[in-house]
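Breakdown of the fold
Single-letter residue listing:
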Amino acid sequence: MADSEFGDESEYGSSSARAVIMDAVLAPFRALVSKSALRLYLNTLLFMGAAAFLIGISAIAYGIFYFKFIPTVGLQREVHLQFGNGNPWGTANFDSEFVALQPYDVSVTLELPRTPSNLDTGNFMLDLTLFSSRPASSLLPGPNNAPISQARRPAIMTYASPLVDVARRAARMPLYVVGWYRESETLEVPMMEQLEFAKGVQNLPQSLRLEVQSDLKMQIYTARVEFRARLTGLSWLMYRWKITSFVVFSSLFWSVSILSAGLTWLAMTWVLGTEPKNEIKEEPEDSIKEDPEEQDTSDESSEVKKEEPEEQERRLLSSYPAEGDEAGTGSGLESAEARGVQRRRSHLTQTD
């Protein structure tokens, strides 16, 4: 019996050791799948999704800000000149493409053939007028059609001596024959510098009128009016360094969005966490208290149950003689059984 008891104890010890080892091995995995870890995974996934979504929103916001803040830098209008009895003139219309209080440089570009009549004309005048409306007339200044701005500038074709002109034509003869070059000259005449328009739709140009004034008849290939915005400060930086500005301002928009979203999330968590929880209704004390008679009966039954194994152990110990009184194999077995009974008794006593 002693050997079986020692075997049970050794088996119980080995099983408990295996349980401890398995518990130590599985402890990290239990931490990975715990409720707090799952909550952390969910919050991380939501944060990453919100961050990716806000990156797209920030890029779109920067694009809208760029096109609203940066004006159209280069605006061109081709003017179709009208030839007749007087000087050649032409008109062009605009949409809402100008920005108030933004400086503009205005220039007129003419492509003229190098004909003898154009070379003999010498100096001629360019008259440019900007209007805030689109009248059906020829856009002549009048009481109901006051110009926003007007400028007149002189222009002349580049002079070249006959010898230089012949040498230049001879050098470019292959290009003339192939059609890659033609005998013309392009003049770019500055008309207005740092022109600013006052606030209000009525102060922004909606149309223009260009007139070429000369004493002799002139031949003109094309005429074009160009408005170029003169950027300064932040607008110049955003226009010149587009990629750097995109990264910096998109990151700024994204940081503000993430901060706002985080503060909103914390506020919602705090508000929802401070809501009063449903209190558990406590049962009245009368229903919890037991009947005194039933409690006494249960105490007596438990005492009787405790006394029964003790009486059995006493009788068992009294039936076995002491280890030194009798000799032989039987006394050894009996003493072992007695020791087992004593061990169980001490175990029961410690448990009680």
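Residues numbered from 1 in each chain as written. Predicted model: local features only at pLDDT ≥ 70, side-chain atom pairs only at ≥ 80, totals over all residues. Heavy atoms only, no water.

Let us now look at the UniProt feature "transmembrane region" (unreviewed entry) in the protein chain. As recorded in UniProt, the feature "transmembrane region" (unreviewed entry) lies at residues 45-67 and 246-272. As a span, residues 45-67 carries 100% helix and 0% strand, and end to end its C-alpha atoms are 34 Å apart. Between the end C-alpha atoms of residues 246-272 there is a gap of 38 Å, over a span that is 100% helix and 0% strand. (UniProt positions renumbered as here; feature names shortened; annotations may be inferred. Helix = DSSP H or I, 4+ residues; strand = E, 2+ residues; numbered from the N terminus.)

Spatially, four strands are ordered S2-S7-S4-S5 in an open sheet, and the strand pairing comes out antiparallel. On the outer flanks of this sheet lie strand S2 (89-93) and strand S5 (147-155), each paired with one strand and no other. Strand-to-strand, the axes of this sheet are offset by a mean angle of 15°, without reference to chain direction. Sheet topology places S2 next to strand S7 (residues 207-213); five bridges connect them, and they run antiparallel. What sits directly across from Ala92, in S7, is Leu208. (Pairing = 2+ DSSP bridges. Axes fitted to C-alpha atoms, helices over the stretch in contact; angles between N-to-C directions.)

Another aspect to go through is the packing of helix H6 (residues 233-240) against helix H7 (residues 242-273). Interhelical geometry of H6 versus H7 gives an angle of 110° and a closest axis separation of 5 Å. It follows from the interaxial angle that H6 and H7 lie roughly perpendicular. Along its contact with H6, which presents Leu234, Leu237, Met238, Tyr239 and Arg240, the element H7 presents Lys242, Ser245 and Phe249. Of the residues that constitute the contact of H6 with H7, the class distribution is five nonpolar, one polar and two charged. (Parallel < 35°, antiparallel > 145°, perpendicular 65-115°, else oblique. Contact = heavy atoms within 4.5 Å. Nonpolar A, V, L, I, M, F, W, Y, C, P; charged D, E, K, R; others polar.)

What follows is about the packing of aromatic side chains. Applying the stated criterion across every chain, the model contains 14 aromatic pairs. Considering the side-chain rings of Phe65 and Phe69, the 5.4 Å spacing of their centres and the 10° angle between planes classify their relative orientation as stacked. Here Phe65 and its partner Phe69 are both found in helix H2 (residues 35-69), four residues apart, which amounts to about one turn of the helix. Looking at Phe65, the relative accessible area reads 29%, which means it is partly exposed. Residue class for Phe69 comes out partly exposed when judged on its relative accessible area of 37%. Put simply, the rings of Tyr62, Phe65, Tyr66, Phe67, Phe69, Phe246, Phe249 and Phe253 pair up and form one aromatic cluster. Over the face of the ring belonging to Tyr221 we find Arg182, whose NZ or CZ atom lies 4.5 Å from the ring centre. (Phe/Tyr/Trp six-rings, centres within 6.5 Å; stacked < 30°, edge-to-face > 60°. Buried < 20%, exposed > 50% of the residue type's maximum accessible area, 1.4 Å probe, protein only. Lys NZ or Arg CZ within 6 Å of the ring centre and 35° of its normal.)

What follows concerns the sheet that holds strand S8 (residues 222-229). Taken in spatial order, the four strands make up an open sheet running S1-S8-S3-S6, and their pairing is antiparallel. With one partner strand each, in any of the chains shown, strand S1 (74-79) and strand S6 (184-195) form the two edges of the open sheet. With strand direction ignored, the average angle separating the axes of adjacent strands in the sheet is 20°. Examined bridge by bridge, strand S3 (residues 104-113) and S6 share nine bridges and lie antiparallel to one another. Among the inter-strand pairings, Glu111 is bridged to a residue of S6, identified as Thr186.

As a further point, take the nonpolar core. In this structure, Phe124, Leu128, Leu208, Val225 and Phe227 are the most contacted members of the largest nonpolar core, which totals 36 residues. Taken together, the elements giving at least two residues each to this core come down to S1, S3, strand S4 (124-131), S5, S6, S7 and S8. What Phe227 contacts, discounting residues up to four positions off in sequence, is Val73, Gly74, Leu75, Phe94, Phe98, Tyr104, Asp105, Val106, Leu130 and Leu208. The next biggest cluster of nonpolar side chains, apart from the first, holds five residues, and it includes Tyr62, Tyr66, Ile70 and Met238. (Core = buried A, V, L, I, M, F, W, Y, C linked by side-chain atoms within 4.5 Å.)

Moving on, we come to H7. Under the 1.5 Å per step criterion, the end-to-end length of H7 is 46 Å for 32 residues, consistent within 8% with the ideal 46 Å. All buried positions along H7 are accounted for by Ser245, Phe249, Ser250 and Ile258. (Expected span 1.5 Å × (residues − 1).)

Before going further, it helps to examine a nonpolar patch on the surface. A cluster of nonpolar side chains, namely Ile21, Val25, Phe29, Leu32, Val33, Leu38, Leu40 and Tyr41, defines an oily patch on the protein surface of about 810 Å² accessible area. Looking at the nonpolar patch element by element, the count peaks at four residues for helix H1 (residues 2-32). Structurally, the position occupied by Phe29 is in helix H1. (Patch = residues over 30% accessible without salt bridge, like charges linked within 9 Å, V, L, I, M, F, W, Y side chains within 5 Å. Areas by Shrake-Rupley, 256 points an atom, 1.4 Å probe, with all protein chains shown as cover. Salt bridge = Lys/Arg side-chain N within 4 Å of Asp/Glu carboxyl O.)

Moving on: the environment of Lys68. Counting through the fold element by element, Lys68 comes out in helix H2. Measuring from C-alpha to C-alpha, the distance between Lys68 and Val99 comes to 9.9 Å, with 31 residues separating the pair along the chain.

This part takes up the pattern of salt bridges. Across all of its chains, the model carries nine salt bridges by this definition. Of the charged contacts, one joins Glu111 and Arg182 as a salt bridge, the two residues approaching to 2.5 Å between their closest N and O atoms. Placement of Glu111 in strand S3 and of Arg182 in the loop between helix H5 (173-178) and S6 is noted, with a sequence separation of 71 residues between them. For Glu111, a relative accessible area of 16% puts it in the buried group. Overall, the relative accessible area of 44% leaves Arg182 in the partly exposed class. Residues participating in the shared-partner salt-bridge network are Asp165, Arg169 and Glu183.

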